[in-house]
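Coordinates in review
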Amino acid sequence: MDWHWLLGFTAVPMFIDLLAFGLVPESARYLVASNKIEKAREVLERIARINGKKLPEGRLVPKHEKEKIETNTQTQNPKKDDDRKDATENGDGKATDSDTSDTTERLINQSGKHTTTDRGRFADLFSTKTRTATTVLLWIIWFGSAFGYYGVVLLTTEILNIINEQGNKTLTVNSTYMNSSSSISSSATADVLQCIDAAPAPTTTCSRLKTDDYVQVLWTTTAEFPGLLLTVFLIERIGRKKTMALEFFLAVLFFLLMYICPIHKVLLMMFIFGARSVLTGTFQAAFVYTPEVYPTSVRALGVGACSSVSFFGAMLTPFVAEVLLRKTLRGGEGLYAAVCVVSGVCALLLPIETKGRELMESATNVAD
């Protein structure tokens, strides 16, 4: 069995997910905002039926139409409005529903159909100064998380390949800091990454990792568990912004520790383990913060836009981990550290801390 089988096995869960999409109900709120009231009611009825409950009586209307109905009712029936307030103060909340039912029916019949003003637009991500700053900073954070995380994943096997290539033959390396060439002994470099300005040029054939290398890679993949636990521990104690910033700065520290050379493979894998752990945490913290900071009307759009930007980081990072790293080891590691520094600063500059903050329903709930 080779890598073709590995790719095939990893594709099986994705294929199952693809088939399962048809079983996932659409968001009722999205359907209402898209003027698909009947489909939204069907979804809610299905959910209620699964939970053995009944839907509350009444008509399903978008939030902005509900506010229009209430405003119209107060304008046309000021006396009834005062009666409703008295009834509410006396603990009788039924007066409000009965008094507005006729008005609700009349307004909906007059309009003929529901509008779609509750549905978010891309421009809403930049509707205020606060929202614009939040969006731009989050795009940088998501880009940095993907760039760093997937970079560490690719960096792991690439560095192991370089160590093997250094140990398998005697290398003559021309240093930009030295006029003379230096010879590296294969016996001295078996499990040590040497201090060189350029890594050996890759061969035209695929070089196989050793069994020990696969064990090292396996250990680095387990780094995600402590990363998740660290994020869970910090996020409700110091807040979302500080959690992301702290984890980005810890990633910078681990990338800089990789500058140590010569360095044994085991110690290098420990630093890679740490970097992958905290970068996993930045991703999870961003996934928590982003839906909390955007109001419901643009929440899915905001998260989707951030996720899309992160893909650019994932697409660019192979050029660093597999191309630039071959030109200059420290240059590649330094670039990852620099991106993490910028991302950490952006996390601290976010204008809103969402810890303990209620989810916002609409843009009018968010202070500029």
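Residues numbered from 1 in each chain as written. Predicted model: local features only at pLDDT ≥ 70, side-chain atom pairs only at ≥ 80, totals over all residues. Heavy atoms only, no water.

1. Let's talk about the overall build of the protein
- Helix and strand counts for the protein stand at 13 helices and four strands.
- Split into buried and exposed, the 368 residues of the protein put 40% on the buried side.
- Long-range contacts, defined as pairs at least 24 residues apart, comprise 76% of the intrachain contacts of the protein with a sequence gap of at least 6.
- Of the roughly 21,200 Å² of accessible surface on the protein, 62% is carried by carbon and sulfur atoms. (Helix = DSSP H or I, 4+ residues; strand = E, 2+ residues; numbered from the N terminus. Buried < 20%, exposed > 50% of the residue type's maximum accessible area, 1.4 Å probe, protein only. Contact = heavy atoms within 4.5 Å. Areas by Shrake-Rupley, 256 points an atom, 1.4 Å probe, with all protein chains shown as cover.)

2. Quick look at the nonpolar core
- Judged by nonpolar contacts, the single largest core of 53 residues is most densely connected at L138, I141, M244, F255, M258, L268 and L279.
- Where this core is concerned, the elements lending two or more residues are helix 7 (129–168), helix 10 (240–257), helix 11 (265–293), helix 12 (299–327) and helix 13 (329–349).
- The biggest single contributor to this core is helix 7, with 13 residues.
- When near neighbours in sequence (up to four residues on either side) are disregarded, F255 contacts V152, L155, L279, E333, Y336, A337 and C340.
- The next biggest cluster of nonpolar side chains, apart from the first, holds six residues, and it includes A28, L31, V32 and I37. (Core = buried A, V, L, I, M, F, W, Y, C linked by side-chain atoms within 4.5 Å.)

3. Focus: the packing of helix 10 against helix 13
- In contact at an axis separation of 8 Å, helix 10 and helix 13 are set at 165° when each is read in the N-to-C sense. For the element pair helix 10 / helix 13, the angle class is roughly antiparallel. For the element pair helix 10 and helix 13, the recorded crossing hand is left-handed. Across the interface between the two elements, K241, M244, A245, F248, F249, A251, V252, F255 and L256 from helix 10 touch E333, Y336, A337, C340, V341, S343, G344, V345, A347 and L348 from helix 13.
- Partitioning the contact of helix 10 with helix 13 into residue classes produces 15 nonpolar, two polar and two charged. (Axes fitted to C-alpha atoms, helices over the stretch in contact; angles between N-to-C directions. Parallel < 35°, antiparallel > 145°, perpendicular 65-115°, else oblique. Left-handed = near helix turned anticlockwise from the far one by under 90°. Nonpolar A, V, L, I, M, F, W, Y, C, P; charged D, E, K, R; others polar.)

4. Some details on the packing of aromatic side chains
- What the rule picks out here adds up to twelve aromatic pairs.
- With a centroid separation of 6.1 Å and 35° between ring planes, the pair formed by W5 and F9 is classed as tilted. Linking W5 with F9, this pair stays in helix 1 (residues 3–20), spanning four residues, or about one helical turn.
- Judged by its relative accessible area of 51%, W5 falls in the exposed class.
- Through a chain of ring-to-ring contacts, three or more aromatic side chains come together here, namely W142, Y149, Y150, F283 and F287. (Phe/Tyr/Trp six-rings, centres within 6.5 Å; stacked < 30°, edge-to-face > 60°.)

5. Looking at helix 13
- Relative to the 30 Å expected for 21 residues at 1.5 Å per residue, helix 13 spans 31 Å between its end C-alpha atoms, a close match to the ideal helical length.
- Among all positions of helix 13, only L329, G332, E333, Y336, A337, V339, C340, S343, G344, C346 and A347 are buried.
- Taking the backbone nitrogen of G331 as reference, a side-chain oxygen 3.0 Å away marks T328 as the first, capping residue of helix 13. (Expected span 1.5 Å × (residues − 1). Polar contact = N/O pair within 3.5 Å; in protein donor to acceptor, adjacent residues only side chain to side chain.)

6. Quick word on the packing of helix 9 (residues 224–235) against helix 11
- Packing of helix 9 against helix 11 brings their axes to within 7 Å, and their N-to-C directions diverge by 45°. Relative to helix 11, helix 9 is oriented oblique. In the packing of helix 9 onto helix 11, the handedness of the crossing is right-handed. In this structure, helix 9 uses E224, P226, G227, L228, L230, T231 and I235 to contact helix 11, whose residues at the interface are F273, R276, S277, V278, T280, G281, Q284, A285 and V288.
- Looking at the contact of helix 9 with helix 11 residue by residue, the classes come out as eight nonpolar, six polar and two charged.

7. A closer look at the confidence of the model for the protein
- On average, the protein scores 77 in pLDDT, and the residues at 70 or more come to 69%.
- Across residues 84–117 the pLDDT falls below 50, and counting only partners more than four positions away or on other chains, this stretch makes 43 contacts in the model.
- Low pLDDT, under 50, characterises residues 169–189; the predicted model gives this stretch 33 contacts beyond four residues in sequence or across chains. (pLDDT = per-residue confidence, 0-100.)

8. Regarding a nonpolar patch on the surface
- Where nonpolar side chains cluster on the molecular surface, the patch consists of F15, L18, L19, F21 and V24 and spans about 570 Å² of accessible area.
- By the secondary structure assignment, L19 is in helix 1.
- For L19, a relative accessible area of 57% translates into the label exposed. (Patch = residues over 30% accessible without salt bridge, like charges linked within 9 Å, V, L, I, M, F, W, Y side chains within 5 Å. Salt bridge = Lys/Arg side-chain N within 4 Å of Asp/Glu carboxyl O.)

9. Description of helix 11
- Compared with the 42 Å implied by 1.5 Å per residue over 29 residues, the 42 Å span of helix 11 between its first and last C-alpha is a close match.
- Across the 29 residues that make up helix 11, a large majority, 21, are buried.

10. Examining the side chain of T280
- Relative to the helices and strands, T280 resides in helix 11.
- What makes T280 buried here is its relative accessible area of 4%.
- If we ignore the near neighbours within four places in the chain, the residues touching T280 are Y149, E224 and L228.

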